[in-house]
Amino acid sequence: MTNLIFDLLPAIDVKDGKAVRLTQGELGSENMYGNPIDIAKEFVGAGSKWIHLVDLDAAFGHGSNFELLQEVIKNVSINVELSGGIRDEKSLVRALSTGCTRVNLGTAALENPDWTAEVISEYKEKIAVGLDVRGTTLAARGWTKSGGDLYETIERLDQAGCARYVLTDVNKDGTLQGPNLELLKAVTKFTRTPIVASGGVSSLQDLEALVSLRSNGVEGAIVGKAIYAGAFTIKEALAVCSGKISSE
């Protein structure tokens, strides 16, 4: 049964203790946006029910912002999807100890399939798998290494019982060029597992286009730079996601 709720997940990417946005996942392309705790509180105040919270330093293997992310989660009373550097049992248990709603596995799901299948079986809905893709080739290690074929990986993860995928077109991420709707349509034809779309949302019209794919299996969207750039507000985005207003 298709989920009738379309979730908006505003993103907070953390690097060196600050909220930033990258363009196409490239280090050195970041714009700085301030204190992650303050931003999280702003999102909550605007009515957000989710936050997509990423430790970029951990994702790139350059350090950790764990204590800060832990504080962000303590300071909000909403759902948090936590991502970045969760690659083994120790880092997974530590991530789940924050009280986050679910974690998003990236590189581990590509490089350690047996362990990934075990944790999917054990933790079920608490595990999402991030599928970061250029074309149909997955990207790993903070988008710096090739991680195999998208559809072969989905087939394997479907067999393991993965609860949902976070699908990011790396070439769209942070560019404000619109989401890759064709990729989403192709993936939702290939798998019945719910998809959270990520990358490229630049306008309420883009968000409305993603909402129109809800019946295909797209259950939510991560939005980052468009919010920080002032293209629309959280409240406007939530209204589109709930079907209360049109983007026109």
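For clarity, every value in this text was computed on a predicted model and none was experimentally measured. Counting from 1, residues in each chain are numbered in the order their sequence is written. Given that this is a predicted model, residues contribute local features only at a pLDDT of at least 70 and side-chain atom pairs are listed and counted only at 80 or more, while totals for whole chains, interfaces and linings are drawn from all residues. Only hydrogens and water are removed before side-chain values are computed, so all heavy atoms of the structure are retained for them.

Draft legend 1. Structural view of the packing of helix α9 (residues 204-211) against helix α11 (residues 234-241). It is the contact of α9 with α11, at a shortest axis distance of 9 Å, that shows an interaxial angle of 30°. On the basis of their axis angle, the class for α9 and α11 is roughly parallel. The element α9 and its partner α11 pack so that their crossing is right-handed. Judged by residue contacts, L204, L207, E208 and V211 of α9 engage E236, A237, V240 and C241 from α11. Gly is placed with the polar residues, together with every amino acid not listed as nonpolar (Ala, Val, Leu, Ile, Met, Phe, Trp, Tyr, Cys and Pro) or charged (Asp, Glu, Lys and Arg). For the contact of α9 with α11, a count of residues per class yields six nonpolar, no polar and two charged. Angles here are taken between N-to-C directions and fall from 0 to 180 degrees, while the axes themselves are lines fitted to C-alpha atoms, restricted in helices to the stretch in contact. Segments assigned H or I by DSSP are reported as helices when at least four residues long, segments assigned E as strands when at least two residues long, and all are numbered from the N terminus. Oblique is the label for every angle not falling under 35 degrees (roughly parallel), over 145 degrees (roughly antiparallel), or within 65 to 115 degrees (roughly perpendicular). Helix crossings are classified by the rotation of the near helix relative to the far one: an anticlockwise turn of less than a right angle makes the crossing left-handed, while a clockwise turn makes it right-handed. Residue contacts are counted whenever heavy atoms from the two residues lie within 4.5 Å of one another.

Draft legend 2. Focus on the packing of aromatic side chains. To pair, rings of Phe, Tyr and Trp, with the six-membered ring standing in for Trp, must have centres within 6.5 Å; the planes then decide the type, stacked if under 30 degrees apart, edge-to-face if over 60, and tilted in the middle. Enumeration over the complete set of coordinates arrives at three aromatic pairs. Arranged with centres 5.0 Å apart and planes meeting at 65°, the rings of Y151 and F190 form a pair that is edge-to-face. Of the two residues, Y151 is situated in helix α7 (residues 150-160) and F190 in helix α8 (residues 181-190); the sequence distance between them amounts to 39 residues. Note on exposure labels: buried denotes an accessible area under 20% of the residue type's maximum, exposed denotes more than 50%, and partly exposed covers the range between, all computed with a 1.4 Å probe on protein chains only. Look at Y151 and you get partly exposed, because its relative accessible area is 22%. Given a relative accessible area of 40%, F190 falls into the partly exposed group.

Draft legend 3. Layout of the pattern of salt bridges. Within this document, salt bridges are pairs made up of a side-chain nitrogen of Lys or Arg and a carboxyl oxygen of Asp or Glu, the two lying within 4 Å of each other. What the rule picks out here adds up to six salt bridges. In this structure, the salt-bridge partner of E71 is K74, at a minimum N-O distance of 3.8 Å. Taken as a pair, E71 and K74 lie in helix α3 (residues 66-74) at a separation of three residues, close to a single helical turn. Of the residues examined, E71 reaches a relative accessible area of 34% and is grouped as partly exposed.

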